[in-house]
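# Report on the structure
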Amino acid sequence: MDKAQFIIQTFTMQADFAEDRIRLDAVDATGAFQSIWYSRRLADRFLPHFAAHAEKNVESGLPKDLLLSMNQEQLRIERAENPEPPVQPVADARPWLAQTVHLNEGPDGLVWTLTDDRNIDAHMVLSEEAERAVLDVFLTTYRALEWSDHAFPAWVRDAAAGPESVPPGALN
C-alpha cells in the first residue's frame, strides 16, 4: 500500500490538554484537512535540529544570537500586526500521531516531513522566515502546555519572555 502524501499549505498549532500533546490542524492547497498530534518526546528531539538549521543560514557582522534574536522579535511584530486566520478543525477529524520527523533541503527551502511510519506522510516546505515562525509557534504551545522550553535556543526563548514582573514598590 502506498503512503498517502499530504502537502501542508498552512496549519494552526494548539495545546491538546486532554492528550497532553501538541495538535497541528493542517490544510493543503485543495482544502483537504488533517489533524496531527506531536508528542513532547518527539518535539523535544526534533526542535534542536530545526533551530540549528535556522541558525546555519545567518550571515552578518553582528553576533549570530543577537541577529537571530532581533529577527525573531521583528517576526513576532509582523505576525501580531498581520495575523493569519486559524485553520478550522473538521468536526469528525481523527488525529494521527507523528512518529518520525525528517528535515531535508529542497529547492524552495527546508522540507519538514511528519510521518506515522506506516501510511501517512505530511510535508511542508519552509522558507527561513517560516522556520523561525514555526519555532515561535512551538514555543508558545510549549508554554501553554506548561512544558519546559529547554529544547529552544536562547534567541527564541529570550525575545518571547516579555518584560520581567516588577516587585511591588519598585516602580517610581
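The following refers to the structure shown. (Residues numbered from 1 in each chain as written. Predicted model: local features only at pLDDT ≥ 70, side-chain atom pairs only at ≥ 80, totals over all residues. Heavy atoms only, no water.)

Our next topic: the pairing of strand E3 (residues 21-27). Taking burial as the measure, the seven residues of E3 include six buried ones, the bulk of the element. For strand E2 (residues 10-16) and E3, the ladder comprises seven bridges, and the chain directions are antiparallel. Paired with Phe11 across the bridge in E3 is Ala26. Hairpin connection from E2 to E3: four residues lie between these consecutive antiparallel strands, with Asp20 at a positive phi of about 55 degrees. Pairing between E3 and strand E4 (residues 33-38): six bridges, direction antiparallel. By the bridge assignment for E4, Ala26 is matched with Gln34. Remark: five residues form the turn of the hairpin made by E3 and E4, two consecutive strands paired antiparallel; Gly31 in that turn has positive phi of roughly 95 degrees. (Buried < 20%, exposed > 50% of the residue type's maximum accessible area, 1.4 Å probe, protein only. Helix = DSSP H or I, 4+ residues; strand = E, 2+ residues; numbered from the N terminus. Pairing = 2+ DSSP bridges.)

With the rule as written, the count across this model stands at five salt bridges. Here Asp25 and Arg23 are joined by a salt bridge, their closest N and O atoms 2.8 Å apart. Considered together, Asp25 and Arg23 belong to a single accessibility category, that of buried residues. Between Asp149 and Arg143 there is a salt bridge, with its nearest N and O atoms 2.9 Å apart. Judged by relative accessible area, which is 33%, Arg143 ranks as partly exposed. (Salt bridge = Lys/Arg side-chain N within 4 Å of Asp/Glu carboxyl O.)

Before going further, it helps to spend a moment on the pairing of strand E7 (residues 109-115). For E7, a buried count of seven out of seven residues is recorded, marking the element as mostly surrounded by other parts of the structure. As defined by bridge partners, strand E6 (residues 100-106) adjoins E7 across seven bridges and the pair is classed as antiparallel. Each residue of the ladder has a partner; that of Gly106, found in E7, is Gly109. Where E7 meets strand E8 (residues 120-126), six bridges bridge the pair, whose relative direction is antiparallel.

A word on the sheet that holds E3. Spatial ordering of the open sheet is given by E2-E3-E4-E5, a layout of four strands whose pairing is mixed. The sheet terminates laterally at E2 and strand E5 (96-97), the two strands that pair on one side only.

As a further point, take the nonpolar core. By size, the foremost hydrophobic cluster in this structure holds 40 residues, and its most contacted members are Phe11, Tyr38, Trp112 and Phe138. Of all the secondary-structure elements, those providing two or more residues to this core are E2, E3, E4, helix H1 (40-56), E7, E8, helix H3 (128-144) and helix H4 (154-160). Element by element, the count of residues in this core is highest for H1, at seven residues. If we ignore the near neighbours within four places in the chain, the residues touching Tyr38 are Arg21, Ile22, Leu24, Ala43, Phe46, Val101, Trp112, Leu114 and Phe138. (Core = buried A, V, L, I, M, F, W, Y, C linked by side-chain atoms within 4.5 Å. Contact = heavy atoms within 4.5 Å.)

This next bit is on the layout of surface pockets. Approximately 700 Å³ is the volume found for the largest pocket. Counting residues per element, the ones that place at least two in the lining of the largest pocket are E2, helix H2 (64-81), E8 and H3. Among the elements that line the lining of the largest pocket, the one with the most residues is H3, at eight residues. A class-by-class count of the residues in the lining of the largest pocket yields 13 nonpolar, seven polar and five charged. (1 Å grid on protein atoms, 1.4 Å probe; cavity = no way out; pocket = protein on both sides within 12 Å on 5 of 7 lines; lining within 4 Å. Points joined across faces, edges and corners; volume = space filled by probe spheres on them. Nonpolar A, V, L, I, M, F, W, Y, C, P; charged D, E, K, R; others polar.)

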